[in-house]
Amino acid sequence: MSPVRTQVGIIGAGPAGLLLSHLLHLEGVDSVVLEARSRDYVERRVRAGVVEQPSADLLRDVGLAGRMDEEGLPHHGFSLRFDREDHRIPLTELTGSTITVYGQQEIVKDLIAARLAAHGDLRFEVSGVAVHDVDTDRPRITYDGGELECDVIAGCDGFHGIARGAVPDSVLKTFEHEYPFAWLGLLAQAQPSHEELIYASHERGFALHSMRSPEVTRLYLQVDPDERIEDWSDERIWDELHLRLETDNGFTLREGPVIEKSITSMRGFVAEPMRHGRLFLAGDAAHIVPPTGAKGMNLAIADVLVLSRALTSLLRKGDSDLVESYSDTCLRRVWRAQGFSNHMTTMLHRAPGSEDYQHRLRMSQLRYTATSSAAATSLAENYVGLPF
Ligand code: RFL
Ligand code: PHB
């Protein structure tokens, strides 16, 4: 088969790849998206839930927020729960910004619908994807049964994708931090037990109360990294959640049928640089953060905004300045998000075997954040999202 010609070959139909394709389309740049999984699979994958203010504003600006503004839940604060008591962080009061609770898979559905409505070329269930000639002006992507001839390639294929592997070892530098715990995530058909998110630090470990809609609750529990989901019956999970979320003023956790549950390891990871020749990495393909700061999807969105501007400038005007600065521009935000995610994670989780000294420090940090408006404002401005 003769190769298909496109300006931007995009690997991965997660938030990064799909949004990039949409942003490029608005600028008159064409792209083809290749995705290993089925459309149904990517539209059902339960992941992030918190959309930062800058991300939500961008989605609005580019015509993608219709359903988000109808069904998403605007939040003006969240609770830090420790010592069996809530300490509210009033995000909007401290920063003027809000966050929107709206599932990542809903954003993915909205993006796919928008790309298809514009006759975008999305190819699902594509196997054997490989990239070639990234240090030439005509990089190529081959896959089982086809080939794309491109001007540039965007590796938006997530942490386990193949694009990052096309950057030579002599060029790629990686930074990694493995946390000594994991998150067990649960989606339940149950009315949320509180109108806002609750980040709970408990001597048995961290727990998080979140939601997806007025009928669906999202909950997380800190567990050991080697735990298996088969060993966590629904009953055991609910018992543990009740223990960690209990307060002295009568909080009740509402239970309901479990729709989905899984365990995710927690790590920080950054690959530098995010560009090699005509290959650009964006989103989880280049970096991941522990989910405590709710930053992963938002970073993916920030990356592709920068990338769409750089590629538009290169492909429409022949100007490579923004392409040259792409990696440095993104990495500044990436490292701030790594720092913030690490801070939230360290403050809220009990590290197994950690000394009393570390525990006392964490409690001190929680109390300081709950009582100092300077500390709370710093946390809030990072949480709602620093301006792009
Ligand atoms: P994705 O979403 O992983 O998409 C990559 C896509 O590439 C496909 N792919 C390939 N396609 C073709 N050929 C190959 N060889 C391929 N290899 C992979 C994959 O099938 C997939 O469809 O990456 P992207 O687009 O960079 O988006 C990143 C986000 O998904 C991720 O950062 C967030 O989900 C992280 N995250 C959160 N982020 C937030 O901003 N707020 C949150 O509240 C939040 N909570 C979370 C999270 C992630 C979690 N888990 C499960 C890791 C909570 C959890 C529990
Ligand atoms: C979620 O609702 O899935 C969620 C919320 C906050 C986080 C992480 C995940 O920090």
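All figures in this text were calculated on a predicted structure; none of them were measured in a lab. (Residues numbered from 1 in each chain as written. Chains lettered and ligands numbered in written order. Predicted model: local features only at pLDDT ≥ 70, side-chain atom pairs only at ≥ 80, totals over all residues. Heavy atoms only, no water.)

Asks: Would you take a moment to explain the domain arrangement of the protein for this structure?
Replies: Bring the parts together and some accessible area is lost; that lost area is often taken as the interface size. Partitioning the protein into structural domains gives domain 1 (4-60 + 102-176 + 267-344) and domain 2 (179-266 + 349-384). Distance between the C-alpha centres of domain 1 and domain 2: 30 Å. In this complex, domain 1 contributes 22 residues to the contact, which on the side of domain 2 involves 18 residues. Buried surface at the junction of domain 1 and domain 2, both sides included, amounts to about 1,600 Å², of which 60% is carbon and sulfur. Three residues, Val46, Arg267 and Thr292, lead the burial of domain 1 against domain 2; their summed loss comes to 29% of the area buried on that side. Summed over the shared surface of domain 1 and domain 2, the result is 0 salt bridges. Counting the contacts that link domain 1 with domain 2 gives 7 residue pairs in polar contact (both at pLDDT 80 or more). Those elements giving two or more residues to the side of domain 1 that touches domain 2 turn out to be helix 3 (53-61), strand 18 (258-272) and helix 9 (321-348). (Domains from an automatic or database assignment. Contact = heavy atoms within 4.5 Å. Buried area = accessible area lost by both parts, 1.4 Å probe. Salt bridge = Lys/Arg side-chain N within 4 Å of Asp/Glu carboxyl O. Polar contact = N/O pair within 3.5 Å; in protein donor to acceptor, adjacent residues only side chain to side chain. Helix = DSSP H or I, 4+ residues; strand = E, 2+ residues; numbered from the N terminus.)

Asks: What's the story with the site of ligand 2 in this structure? I'm lost.
Replies: For ligand 2, the set of nearby residues contains 14 residues, the closest of which are Tyr199, Ser210, Arg212, Tyr220 and Pro291. Here an oxygen atom of ligand 2 and a side-chain polar atom of serine 210 are 2.6 Å apart. Tyrosine 220 places a side-chain nitrogen or oxygen 2.7 Å from an oxygen atom of ligand 2. Relative to its unbound accessible area of 280 Å², ligand 2 is 97% covered by the protein chains. Sorting the residues of the shell around ligand 2 by element identifies strand 15 (197-200), strand 16 (207-213) and strand 17 (216-223) as the ones contributing at least two each. Counting residues per element, the shell around ligand 2 draws most heavily on strand 16, which supplies 3 residues. (Near = heavy atom within 4 Å. Areas by Shrake-Rupley, 256 points an atom, 1.4 Å probe, with all protein chains shown as cover.)

Asks: So what exactly am I meant to see when it comes to the site of ligand 1 here?
Replies: Near ligand 1 you find 34 residues, and of these Glu35, Arg45, Gln104, Asp284 and Met297 are the closest. The side chain of glutamine 104 places a nitrogen or oxygen atom 2.7 Å from an oxygen atom of ligand 1. In this structure, asparagine 298 approaches ligand 1 through a side-chain N or O atom, which is 3.1 Å from an oxygen atom. Isolated, ligand 1 exposes 1,000 Å² of accessible area, and the fraction of that covered by the protein chains is 87%. Mapped by element, the contributors of at least two residues to the shell around ligand 1 are helix 1 (15-26) and helix 8 (296-317). If you tally residues by element for the shell around ligand 1, the top one is helix 8, at 4 residues.

Asks: Sorry, what's going on with the sheet that holds strand 11 (residues 140-143) here?
Replies: Whenever strands of a sheet pair, they do so through backbone hydrogen bonds, lying parallel or antiparallel. Read across the open sheet, the 4 strands follow the order 1-12-11-10; overall the sheet is mixed. The sheet is open, and its two borders are formed by strand 1 (4-5) and strand 10 (130-132), each paired with just one other strand. In this sheet, strand 12 (residues 146-149) lies alongside strand 1 in parallel orientation, the contact comprising 2 bridges. Pairing of valine 4 across the sheet is with leucine 148, part of strand 12. (Pairing = 2+ DSSP bridges.)

Asks: Looking at this structure, how should I read the packing of aromatic side chains?
Replies: The description of an aromatic ring pair uses the distance of the two centres, along with the angle that the planes make with each other. One pass over the full model with this rule turns up 10 aromatic pairs. Their ring planes at 35 degrees and their centres at 6.1 Å tell us that tyrosine 179 and phenylalanine 181 sit as a pair that is tilted. Note on tyrosine 179: relative accessible area 8%, which makes it buried. Between the aromatic rings of tyrosine 199 and tyrosine 383, the centroid separation amounts to 6.1 Å while the plane-to-plane angle is 90 degrees, which identifies the pairing as edge-to-face. Note that tyrosine 199 is positioned in strand 15 and tyrosine 383 in helix 11 (residues 373-384), a separation of 184 residues in sequence. Looking at tyrosine 383, the relative accessible area reads 1%, which means it is buried. Positioned over the ring face of phenylalanine 251 is arginine 81, at 4.1 Å from the centre of the ring. (Phe/Tyr/Trp six-rings, centres within 6.5 Å; stacked < 30°, edge-to-face > 60°. Buried < 20%, exposed > 50% of the residue type's maximum accessible area, 1.4 Å probe, protein only. Lys NZ or Arg CZ within 6 Å of the ring centre and 35° of its normal.)

Asks: Looking at this structure, I do not really get the sheet that holds strand 21 (residues 287-288). What am I missing?
Replies: Spatially, 7-6-15-16-17-14-18-21 is the arrangement adopted by the 8 strands of the open sheet, whose pairing is mixed. The two strands at the open ends of the sheet, each matched to only one other strand, are strand 7 (85-89) and strand 21. The sheet contact formed by strand 6 (residues 78-82) and strand 7 spans 5 bridges and is antiparallel. Following the sheet pairing, arginine 81 is matched in strand 7 by aspartate 86. Helix 9 contacts strand 6, strand 14 (173-188), strand 15, strand 18 and strand 21 of the sheet and is inclined by roughly 130 degrees relative to strand 18. The sheet strands contacting helix 10 (residues 356-371) are strand 6 and strand 7, and the helix crosses strand 6 at an angle near 140 degrees. (Axes fitted to C-alpha atoms, helices over the stretch in contact; angles between N-to-C directions.)

Asks: Just to check I follow, could you spell out the layout of surface pockets for this structure?
Replies: Where empty space is left becomes clear once a probe the size of a water molecule has been rolled over the atoms. There is about 320 Å³ of room inside the second largest pocket. Contributing to the lining of the second largest pocket are 17 residues, with Gln105, Glu106, Lys109, Leu187 and Arg212 lying nearest its centre. Among the elements that line the lining of the second largest pocket, the one with the most residues is helix 6 (residues 104-117), at 3 residues. For the lining of the second largest pocket, the per-class residue count stands at 6 nonpolar, 3 polar and 8 charged. Built from parts of two domains, the lining of the second largest pocket gets at least three residues from each of domain 1 (4-60 + 102-176 + 267-344) and domain 2 (179-266 + 349-384). (1 Å grid on protein atoms, 1.4 Å probe; cavity = no way out; pocket = protein on both sides within 12 Å on 5 of 7 lines; lining within 4 Å. Points joined across faces, edges and corners; volume = space filled by probe spheres on them. Nonpolar A, V, L, I, M, F, W, Y, C, P; charged D, E, K, R; others polar.)

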